[in-house]
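Read off the chains here:
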Amino acid sequence: ATETLNLPLEERILALTQDMAQNGALPTLRGEQPGDSYYFSPMTQFIHGIVDNATQKMNSYIWGEGQANRGADNIVSLLYWDLKRRGVFESSVGHLVLIADNCAAQNKNFCVLKFLMWLVEGKHAKKVTLVFLIKGHTKNFCDNRFNLLKQGTAGRNIWDEVSLDQAYTEKNKDFIDLQRLDETNSDRWLQWRVVLDDFYKNPPSGTTHNNHIFCFGHDPANPTSYTRQTFRDAEPFATDLRTSAFNLDERAENVKSLTKKLAVLPAPGMRAIKQLGMSKVIRLIVPEEFEYFYNRELSEEQVKENNKRVEEKRKAQTAQEQAPIITPLTVGQHHCHCNLNERKIWCHAVYLSGPSRRWARQPR
């Protein structure tokens, strides 16, 4: 990748490493020893990074838990927008190499495989190689950059998203480009999985988890075929994922316009219990100028949902408290059970009659 860095994109080897960082939080209270705040339930901040291995610069994306999840659709959406920023969809890349860990929810799944196959079939990349790091050896460029990212939060109390983003970037702007995804650019979260399923079949069962190298574009005459290998020197096995949903002419046109079929993922929203915690608990310790961020009003549906959850929890606790606590005791040839709630003991004497057993309950 380094040797081809100055070549046109069509001739480059673009090697990228992607990973999720340890979650951030708001508020971030690193300016003091944790007291009661240790038991708070802060707002989670998801952080995803994509590093260009040649330049070792990371494009990082951050979003709050109410904006989006971090499943396959979300990771593919980020990868798509990152490749778009790098000019891949204006001028195709010669060879794209994507390196990731083995997390099934985010990286090692059918949605990612199908997306990379679409890049080849759609002529956005001549060849794509997906490499998964060996278990136990998954430290990568992203981890180094994530450490730099979080250095700015040391010894500080941070209360809102603007302050958090500034702390993450103030010491490492030469290495990291951080973008926040919020309501202003929520259209970046796209439903890739549903659309890709129309074009590509799922790989055969058991062929994804144990393999570490996937190569797309190995056969120019068949762009919907890929090879998989358990390790570098292993024998490659080819698989074709083309569906019969379109004929050849229709398929070419639909592959070209696939992104127009993508619907926007709806925001999952924050759980009612988390919003109540931010509004009723955390807001009490927040400086006045940041109270706006924690003043979260619940909708009527959220109030009903939260009340239902509280009532179900109360009933479960009541049932557990009223349930008899039975402790089995063995005394000689008698099996005794002690009900600690009612302070009573029953003895079940065992009588053997042929092959069967009969039980008699006798209070003692």
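Residues numbered from 1 in each chain as written. Predicted model: local features only at pLDDT ≥ 70, side-chain atom pairs only at ≥ 80, totals over all residues. Heavy atoms only, no water.

*Asks:* Looking at this model, I keep getting lost on the overall build of the chain. Mind explaining?
*Replies:* Helix and strand counts for the chain come out as nine helices and 16 strands. The proportion of buried residues among the 364 residues of the chain is 44%. When contacts within the chain are restricted to residue pairs at least 6 apart in sequence, long-range pairs at least 24 apart make up 64% of them. (Helix = DSSP H or I, 4+ residues; strand = E, 2+ residues; numbered from the N terminus. Buried < 20%, exposed > 50% of the residue type's maximum accessible area, 1.4 Å probe, protein only. Contact = heavy atoms within 4.5 Å.)

*Asks:* Would you mind going over the pairing of strand β5 (residues 57-64) with me for this structure?
*Replies:* Looking along a regular strand, one sees side chains alternate from face to face of the sheet. Most of β5 is tucked away: seven of the eight residues are buried. Across eight bridges, the pairing between strand β4 (residues 43-52) and β5 is antiparallel. Paired with Gln45 across the strands is Gly64, a residue of β5. Joining the antiparallel neighbours β4 and β5 is a turn of four residues, in which Gln56 adopts a positive phi near 60°. Both β5 and strand β9 (residues 176-180) contribute to a ladder of five bridges, which runs parallel. Residue pairing for β9: Tyr61 is matched across the bridge by Gln179. (Pairing = 2+ DSSP bridges.)

*Asks:* Please clarify how the side chain of Asn53 should be interpreted in this entry.
*Replies:* Structurally, Asn53 is set in the loop between β4 and β5. Residue Asn53 is classed as buried on the basis of its relative accessible area, which comes to 16%. A distance of 3.0 Å separates polar atoms of two side chains, one belonging to Asn53 and the other to Thr17. Those residues in contact with Asn53, other than ones at most four positions away along the chain, are Ala15, Leu16, Thr17, Ile99 and Phe141. (Polar contact = N/O pair within 3.5 Å; in protein donor to acceptor, adjacent residues only side chain to side chain.)

*Asks:* Honestly, the confidence of the model for the chain in this entry has me stumped. Any pointers?
*Replies:* For any part of a model where pLDDT is low, the fine detail of the predicted coordinates should not be relied upon. Here the chain averages 85 in pLDDT, and 89% of its residues register 70 or above. Taking the mean pLDDT of every element in the chain, the minimum, 43, falls on strand β16 (residues 356-363) and the maximum, 96, on strand β10 (residues 213-216). Across residues 337-364 the pLDDT falls below 50, and counting only partners more than four positions away or on other chains, this stretch makes 63 contacts in the model. (pLDDT = per-residue confidence, 0-100.)

*Asks:* What should I look at first to understand the pattern of salt bridges in this one?
*Replies:* Two side chains with opposite charge may pair up if their charged atoms get near one another. In total, this model carries 13 salt bridges according to the counting rule given. Across the pair Glu65 and Lys274 runs a salt bridge whose closest N-O atoms are separated by 2.7 Å. On the criterion of sequence distance, the pair formed by Glu65 in the loop between β5 and α1 (72-85) and Lys274 in helix α7 (residues 272-280) is long-range, its members being 209 residues apart. The residues Glu65 and Lys274 share a single accessibility class, namely buried. (Salt bridge = Lys/Arg side-chain N within 4 Å of Asp/Glu carboxyl O.)

*Asks:* Is there a simple way to think about the packing of aromatic side chains in this case?
*Replies:* Any pair of aromatic rings gets described here by the distance separating the centres and the angle formed by the planes. Here the structure, examined in full by the defined rule, presents 16 aromatic pairs. Ring geometry for Phe115 versus Trp192: centroids 5.1 Å apart, planes at 80°, classification edge-to-face. Separated by 77 residues along the polypeptide, Phe115 in helix α2 (residues 110-121) and Trp192 in helix α5 (residues 192-199) bring together distant segments of the chain. Members of the aromatic cluster, connected to one another through ring pairs, are Tyr80, Trp81, Phe89, Phe115, Trp118 and Trp192. In this arrangement the basic side chain of Lys108 is found over the ring face of Phe132, its NZ or CZ atom lying 5.0 Å from the centre. One residue, Arg296, lies across the ring of Phe293, its end atom 4.9 Å from the ring centre. (Phe/Tyr/Trp six-rings, centres within 6.5 Å; stacked < 30°, edge-to-face > 60°. Lys NZ or Arg CZ within 6 Å of the ring centre and 35° of its normal.)

*Asks:* Is there a simple way to think about unusual backbone geometry in this case?
*Replies:* Among all residues except glycine, the phi angle is most often negative; among peptide bonds, the trans geometry is most common. A cis amide bond links Leu26 to the next residue, Pro27, at an omega of 0°. By the secondary structure assignment, Pro27 is in the loop between β2 (24-26) and β3 (28-29). Phi at Gln56 is positive, roughly 60°, even though this residue is not glycine. For Gln56, the location among the structural elements is in the loop between β4 and β5. The class for Gln56 is partly exposed, based on a relative accessible area of 33%. Positive phi is not limited to glycine here, since Lys123 has a value of about 65°.

*Asks:* Explain the side chain of Asp165 to me, please; I cannot follow it from the model alone.
*Replies:* Checked against the element boundaries, Asp165 lands in helix α4 (residues 161-169). The buried category is assigned to Asp165, whose relative accessible area is 17%. Ignoring sequence-local partners within four residues, the contact set of Asp165 consists of Ile62, Leu178 and Arg180.

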